[in-house]
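Here is what each chain is made of, one letter per residue.
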Amino acid sequence: MDKLVKVGMADLNTAKVPQTIRTSGLGSCIGVVVYDERLKLSAMAHIMLPDSTYARSGVINRAKYADTAVADLIGLLEADGALRSRLKAKIAGGAQMFQFSSSNEAMRIGPRNAEAVKDVLASFRVELVHEDTGGGSGRTIEFNPATSVLNIRTVNKGVVEV
Amino acid sequence: MFQYEHVTAGHLDMLKEIGNIGAGHAATALSEMLGKTIDMNVPSVRVVPFNQICDAVGGDEEPVTAVFLRIEGDAPGSMYFMMPAAEGSRLIGQLLNDSGIDFLSNEPNAMGRSALNEVGNILAGAYLSSLSDFTALNLKPTPPALAVDMAMAVLSFGLIEISKAGDYAIVIDTEISETGSDNALRTKGHFFLLPDPDSLEAVFHSLGVNENG
């Protein structure tokens, strides 16, 4: 069993103690971790788009969209014995990497991703414990289910633990 | 819509030629700017899963300087001029005759950023106008935007349109570098051209290649 579980772009996975789980290079994407503190179980997704209705092809990658990815994270944790009522979440990302003079709606994908993830978590009644979204910096995050600490790294501001 | 599974060797060769012509003109522009000879590598054209897209620039978390432009017109897409941050700092240091430029420091660096943005703009403009001449497609770049951050964080923005159709991107990657004996001190930059899925058909059609290559 690998100690570190890596989650790629438009991907999701689970980790339990003694593992940690990480996704790197979040820009406008959102890293969302849902966890059960008592069982020390966690699941993380690296989301690119707010909603699966954006998909243009028949078979969709559910890890890519806020609505389907969060539903799958919860499903995976419940399958491992987690209780829905105990689940909590932390999210990071949703930055605006480039500042444009024109205010094209497509350029605001980061903030829209953040809103969508929060809405979906709320609809499943999962408590959002910490949110580090927006701004203009890329983030790499790593979650430790043993401590429920989320480690957030940026190029310019170093590491913060939440 | 063009399916990536249907990309043939003939298609890839055609896209390589696009990288060749575009980056060739950009290399000439940079060479005139710096008063130095600039080399260009054979372009690589790959259909890559999103997860591997940063491999060419040293990994997901590698700090880079990136000038980004959206291409509008007949074949929309995204274009990046990307360098490892240390090399971007050195390039602009040479241009402005200021060895203190470091894009990774927390200094505002307005002069350096503005210069880098303009360099990216000129190079990408040279790339796109030659591409436009070659394909007879109308391609208009948006004003450039600059970011200094993790490679994956800046590249993922250009994948948003593509991600609505799948988990793969066609990347036309051309590396340009200073001619010189000391490899460690050669400034290298990458042009990434990421056509939107619908644009491939337009590009192939304009060049007389059909869906079957």
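All values reported here derive from a predicted model rather than from experimental measurement.

## Re the pairing of strand β7 (residues 168–178) of chain B
All names here are of chain B. Counting buried residues along β7, ten of its eleven residues qualify, which places the element largely inside the surrounding structure. When strand β1 (residues 38–40) meets β7, the two strands line up antiparallel, connected through three bridges. Bridged to aspartate 39 within β7 is serine 177. Bridge analysis of strand β2 (residues 44–49) against β7 gives six bridges, and the strand direction is antiparallel. Bridging across to β7, serine 44 finds its partner in aspartate 173. Of the strand pairs in this sheet, β7 and strand β8 (residues 188–195) are connected by six bridges, and their pairing is antiparallel. Along β8, the bridge assignment pairs serine 177 with lysine 188.

## Structural notes on the interface of chain A and chain B
Taken residue by residue, the interface counts 36 residues in chain A and 31 residues in chain B. Between chain A and chain B, the buried area comes to about 2,700 Å², and carbon and sulfur atoms account for 61% of it. The largest contributions to the chain A side of the interface with chain B come from Met9, Arg56 and Phe98 of chain A, which together make up 27% of the buried area. In this structure, aspartate 167 of chain B and lysine 64 of chain A form a salt bridge, with 2.9 Å as the shortest nitrogen-oxygen distance. Joining chain A to chain B, the criterion identifies 13 residue pairs in polar contact (both at pLDDT 80 or more).

## Focus: empty space enclosed by the protein
Residue and element names in this part refer to chain B. For the structure shown, the criterion picks out two cavities of 30 Å³ or more. Approximately 130 Å³ is the volume found for the largest cavity. Taken together, 16 residues line the largest cavity, and the ones lying closest to its centre are Ala75, Leu131, Leu193, Pro195 and Val203. If you list the elements that add at least two residues to the lining of the largest cavity, you get α1 (9–34), α3 (110–135), β8 and α6 (197–206). It is α3 that provides the largest number of residues to the lining of the largest cavity, a total of three residues.

## Some words on the environment of leucine 83 of chain A
Residue placement: leucine 83 of chain A occurs in the loop between α1 (66–79) and β6 (88–93). Each C-alpha atom of the pair leucine 83 of chain A and tyrosine 35 of chain A lies 9.9 Å from the other, and the pair is 48 residues apart in sequence.

Scoring rules and cut-offs
- Residues numbered from 1 in each chain as written.
- Chains lettered and ligands numbered in written order.
- Predicted model: local features only at pLDDT ≥ 70, side-chain atom pairs only at ≥ 80, totals over all residues.
- Heavy atoms only, no water.
- Buried < 20%, exposed > 50% of the residue type's maximum accessible area, 1.4 Å probe, protein only.
- Helix = DSSP H or I, 4+ residues; strand = E, 2+ residues; numbered from the N terminus.
- Pairing = 2+ DSSP bridges.
- Contact = heavy atoms within 4.5 Å.
- Buried area = accessible area lost by both parts, 1.4 Å probe.
- Salt bridge = Lys/Arg side-chain N within 4 Å of Asp/Glu carboxyl O.
- Polar contact = N/O pair within 3.5 Å; in protein donor to acceptor, adjacent residues only side chain to side chain.
- 1 Å grid on protein atoms, 1.4 Å probe; cavity = no way out; pocket = protein on both sides within 12 Å on 5 of 7 lines; lining within 4 Å.
- Points joined across faces, edges and corners; volume = space filled by probe spheres on them.

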